[in-house]
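What follows is each chain in one-letter form.
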Amino acid sequence: MLGRRLREFREGLKMSRMTAARSCEMGSQTLWRLETGRSSEVKRVTVNLLCNLYGVGDEDREVLLWLAGESRKDGWWQSFVGGLAPDAELYVGLEGTASQLATWQMAVLPGLLQIPEYRRAISEAQGEPDDIDSEIRLLEKRQERLADPNFTLVALLNESVLHQNIGGKHVMARQMIHLLKVGELPNVSIRVVRSDASVHWGLFAKDFVLMEFPEHLNPVLTEPPVVYVESLAGVLYLDKPAEIELYRATRADIERVALGENDTRSLIEAIEKEYGS
C-alpha cells in the first residue's frame with residue numbers, strides 16, 4: 001500500500017524512478033523494492049525525503065508515515081523457523097488481509113486446499129526445504145482463514161488438477177475427501193472445469209490469484225485488488241486497473257464453462273472412489 005501510493009505520486013509528476021532515487025541519494029533498486037512492497041524495512045526519513053521531492057501535502061504525508069510505521073510491525077508468519085523469502089512473505093501478508101480470494105489452477109491445488117501430505121509431496125518434488133515441517137505448520141495457519149465468515153475463497157480448478165497423482169493414490173484419496181469437506185463451508189466455492197469444456201480464457205492464462213480487500217473506514221487506506229501470478233522465473237504482483245479488469249474478465253469466462261458446485265462435488269466423489277479402489 002505504501003509503495004503503491006509513493007509510486008503514484010512519482011508517476012503523477014512524470015518523474016522516472018532513477019531520477020527520484022538519485023535526488024534522494026538512494027539506489028534505483030532500493031526505490032523499486034520500496035514501491036513494489038519488497039523492502040523489509042521502511043524508514044520514516046526515507047518517506048519524508050520522497051514526500052519533500054514529490055511535494056506531498058501534510059494530510060497525505062501523515063498517512064504515508066503511518067503506513068511506514070505499520071510496515072515495520074512483524075506479521076504472525078514471521079514467527080516460523082527460517083522466515084520467508086520476501087515474495088512469499090508479501091503474498092502471505094496479502095492473503096491474510098484479503099476479504100476474497102479467487103484462484104485459477106491448472107496443475108496443482110491452491111495452498112488453502114492442500115492437506116499436509118499433498119504439500120509435503122510437492123515440496124519434496126521441488127527439492128525438500130530445510131524445514132518442511134515449519135512450512136506445513138505455516139500452511140495450516142494460513143488455512144485458518146477458511147473458518148472466517150468474512151473471508152471468501154473461490155477455487156476454479158482444471159480437471160487435470162484432480163487427476164495429477166501427487167504423493168500416491170492414498171494421499172490423493174485423502175485429498176479428495178478433504179476437498180469435499182472444505183467445499184461444504186458456506187464461504188468456500190470449489191468448481192471444476194472439465195477437460196472437454198469449450199474454449200475459455202483460462203486456457204491462455206497462467207495460474208493466478210485475484211485478491212480483493214475490505215473497505216477501510218478511511219477510503220485512502222483501502223487496499224486495491226491485486227493479482228498474483230507465479231512462474232518458474234519469478235512472481236508478478238499486478239494492481240493496475242486495466243490488469244485487474246482483465247483478470248476479472250478471465251475469471252468470469254472460466255466460471256462460464258465450469259461445473260456448478262454440486263456437479264463438481266459429484267465429480268470429486270467419483271475420483272475419490274477411483275483413488276480408493
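A brief report on the enclosed structure follows. (Residues numbered from 1 in each chain as written. Predicted model: local features only at pLDDT ≥ 70, side-chain atom pairs only at ≥ 80, totals over all residues. Heavy atoms only, no water.)

### Thoughts on the overall build of the protein
When helices and strands are counted, the protein shows twelve helices and six strands. Each of the 277 residues in the protein was classed as buried or not, and the buried ones make up 45%. Of the contacts formed within the protein by residues at least 6 apart in sequence, a portion of 71% connects residues at least 24 apart. Split by element, the accessible area of the protein, about 14700 Å² in all, is 51% carbon and sulfur. (Helix = DSSP H or I, 4+ residues; strand = E, 2+ residues; numbered from the N terminus. Buried < 20%, exposed > 50% of the residue type's maximum accessible area, 1.4 Å probe, protein only. Contact = heavy atoms within 4.5 Å. Areas by Shrake-Rupley, 256 points an atom, 1.4 Å probe, with all protein chains shown as cover.)

### Brief notes about the nonpolar core
With 42 residues, the main nonpolar core has Leu162 and Met211 as its most contacted residues. Ranked by residue count, the leading element in this core is helix H10 (residues 169-182), at seven residues. The contacts of Leu162, once residues within four sequence positions are left out, are Leu157, Met172, Met176, Leu179, Val192, Leu267, Ile268, Ile271 and Tyr275. Counting 20 residues, the second largest nonpolar core, distinct from the first, contains Leu6, Ala21, Leu64 and Leu65. (Core = buried A, V, L, I, M, F, W, Y, C linked by side-chain atoms within 4.5 Å.)

### A look at helix H4 (residues 44-54)
Looking only at H4, the buried set comprises Thr46, Val47, Leu50, Cys51 and Tyr54. End-on view of H4: buried residues confined to an arc of 135°, all on one side of the axis. Facing away from the buried side of H4 by more than 90 degrees, the exposed set consists of Val45 and Asn52. In the segment just after H4, Gly55 is the residue with positive phi, at about 70°. (Arc of directions from axis to C-beta.)

### Some remarks on the packing of H10 against helix H12 (residues 261-276)
For the pair H10 and H12, interaxial distance at closest approach is 8 Å and the crossing angle is 155°. Judged by the inter-axis angle, H10 sits roughly antiparallel to H12. You can see that H10 and H12 cross each other, and the crossing is left-handed. Along its contact with H10, which presents Lys169, Met172, Ala173, Met176, Ile177, Leu179 and Leu180, the element H12 presents Arg265, Ile268, Glu269, Ile271, Glu272, Tyr275 and Gly276. Residues that form the contact of H10 with H12 fall into these classes: nine nonpolar, one polar and four charged. (Axes fitted to C-alpha atoms, helices over the stretch in contact; angles between N-to-C directions. Parallel < 35°, antiparallel > 145°, perpendicular 65-115°, else oblique. Left-handed = near helix turned anticlockwise from the far one by under 90°. Nonpolar A, V, L, I, M, F, W, Y, C, P; charged D, E, K, R; others polar.)

### Digging into the packing of helix H3 (residues 28-35) against H4
At a minimum axis separation of 13 Å, H3 and H4 run at an interaxial angle of 95°. Relative to H4, the element H3 lies roughly perpendicular. Counted together, Leu31, Leu34 and Glu35 of H3 and Thr46, Leu50 and Tyr54 of H4 form the full contact between these two elements. A class-by-class count of the residues in the contact of H3 with H4 yields four nonpolar, one polar and one charged.

### Details of a nonpolar patch on the surface
Together, Val199, Leu203 and Phe204 make up a nonpolar patch on the protein surface, roughly 350 Å² of accessible area in all. Looking at where Val199 falls in the secondary structure, it is placed in the loop between strand S3 (188-193) and strand S4 (208-212). For Val199, a relative accessible area of 59% translates into the label exposed. (Patch = residues over 30% accessible without salt bridge, like charges linked within 9 Å, V, L, I, M, F, W, Y side chains within 5 Å. Salt bridge = Lys/Arg side-chain N within 4 Å of Asp/Glu carboxyl O.)

### Focus on the sheet that holds strand S5 (residues 226-231)
Here six strands make up an open sheet; going across it, the order is S3-S2-S1-S4-S5-S6 and the pairing mixed. The strands lining the two open edges of the sheet, one partner per strand, are S3 and strand S6 (234-238). The mean inter-strand angle of the sheet, taken between neighbouring strand axes irrespective of direction, is 15°. Each of strand S1 (100-105), strand S2 (152-158), S3, S4, S5 and S6 is contacted by helix H11 (residues 241-257), which is oriented at about 110° to S4, the strand it contacts most. (Pairing = 2+ DSSP bridges.)

### Considering unusual backbone geometry
The phi dihedral of Lys14 is positive, around 55°, even though this residue is not glycine. The residue Lys14 is located in the loop between helix H1 (2-12) and helix H2 (17-23) in this model. Here Glu25, not a glycine, exhibits a phi torsion of approximately 55°, which is positive. Inspection of the secondary structure puts Glu25 in the loop between H2 and H3.

### Points about the packing of aromatic side chains
Counted according to the given criterion, the structure contains three aromatic pairs. Both rings, one in Tyr91 and one in Tyr228, keep their centres 4.5 Å apart while their planes meet at 45°; by these two values the pair is tilted. In this pair, Tyr91 is assigned in helix H6 (residues 86-97) and Tyr228 in strand S5, connecting sequence segments 137 residues apart. As far as burial versus exposure is concerned, Tyr91 and Tyr228 are alike and both buried. On the basis of relative accessibility, which here comes to 12%, the residue Tyr228 falls in the buried class. Here a set of aromatic residues connected by ring pairs shows up, and it is made of Tyr91, Tyr228 and Tyr237. (Phe/Tyr/Trp six-rings, centres within 6.5 Å; stacked < 30°, edge-to-face > 60°.)

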